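What follows is each chain in one-letter form.
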Amino acid sequence: MTNKIYYLASCDTCRKIIKSLPNPDKLEFHDIRQNPITQKELEEMHSLSESYESLFSKKAQLYKSMDLKNKSLTEADFKKHILEHYTFLSRPVFIIDDKIYIGNGQKNIIEVIKALS
């Protein structure tokens with residue numbers, strides 16, 4: 001499996017994280033707006049994270065505007081929403097040496113930097 005980053009090129013946080021990475025040439029870059037994730041890719045992420053909810057961004061504007069926070073979402077709902085609109089994927093998502101790193105939390109990014117060093 002190739003080491004990958006799923007990110008949004010227009011996202012300032014993603015760009016800042018990418019700039020801080022050692023050896024970014026070890027990653028295949030996948031801009032989720034230009035090239036939406038496929039069901040196969042999402043299922044690969046799910047097999048590593050064991051949860052669609054963990055891949056789902058509750059910070060997304062659409063989450064609020066669709067009033068999803070007041071709905072009881074199932075794993076199938078999380079999967080469906082992520083596939084329907086890129087903004088629902090928590091970003092960035094790294095897959096490095098068959099391990100997944102989800103989101104932009106400081107602890108997570110430190111782990112990514114260690115994995116790429």
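Please refer to the structure placed before this passage.
## Quick notes on the side chain of Asn 3
Step number 1: Residue position: Asn 3 is located in the segment before strand 1 (4-7).
Step number 2: Dropping the residues within four chain positions of it, Asn 3 is found in contact with Lys 26, Leu 27, Glu 28, Ile 95, Ile 96 and Asp 97.

## Considering the nonpolar core
The nonpolar side chains of a soluble globular protein tend to be buried, and buried together.
Step number 1: Ranked by internal contacts, the top residues of the largest apolar core, which has 34 residues, are Tyr 6, Ile 37, Met 45, Leu 55, Ile 82, Leu 89 and Phe 94.
Step number 2: If you tally residues by element for this core, the top one is strand 3 (residues 93-96), at 4 residues.
Step number 3: When sequence neighbours within four positions are dropped, the list of residues in contact with Tyr 6 reads His 30, Ile 32, Ile 37, Glu 41, Met 45, Leu 89, Pro 92, Val 93 and Ile 95.

## Brief notes about the pairing of strand 4 (residues 99-102)
Step number 1: Here strand 3 pairs with strand 4 via 4 bridges, running antiparallel. Considered in strand 4, the bridge of Ile 96 is made with Lys 99.
Step number 2: In sequence, strand 3 turns back onto strand 4 through a hairpin of 2 residues, with Asp 97 there showing a positive phi of about 50°.

Conventions and cut-offs
- Residues numbered from 1 in each chain as written.
- Predicted model: local features only at pLDDT ≥ 70, side-chain atom pairs only at ≥ 80, totals over all residues.
- Heavy atoms only, no water.
- Helix = DSSP H or I, 4+ residues; strand = E, 2+ residues; numbered from the N terminus.
- Contact = heavy atoms within 4.5 Å.
- Core = buried A, V, L, I, M, F, W, Y, C linked by side-chain atoms within 4.5 Å.
- Buried < 20%, exposed > 50% of the residue type's maximum accessible area, 1.4 Å probe, protein only.
- Pairing = 2+ DSSP bridges.

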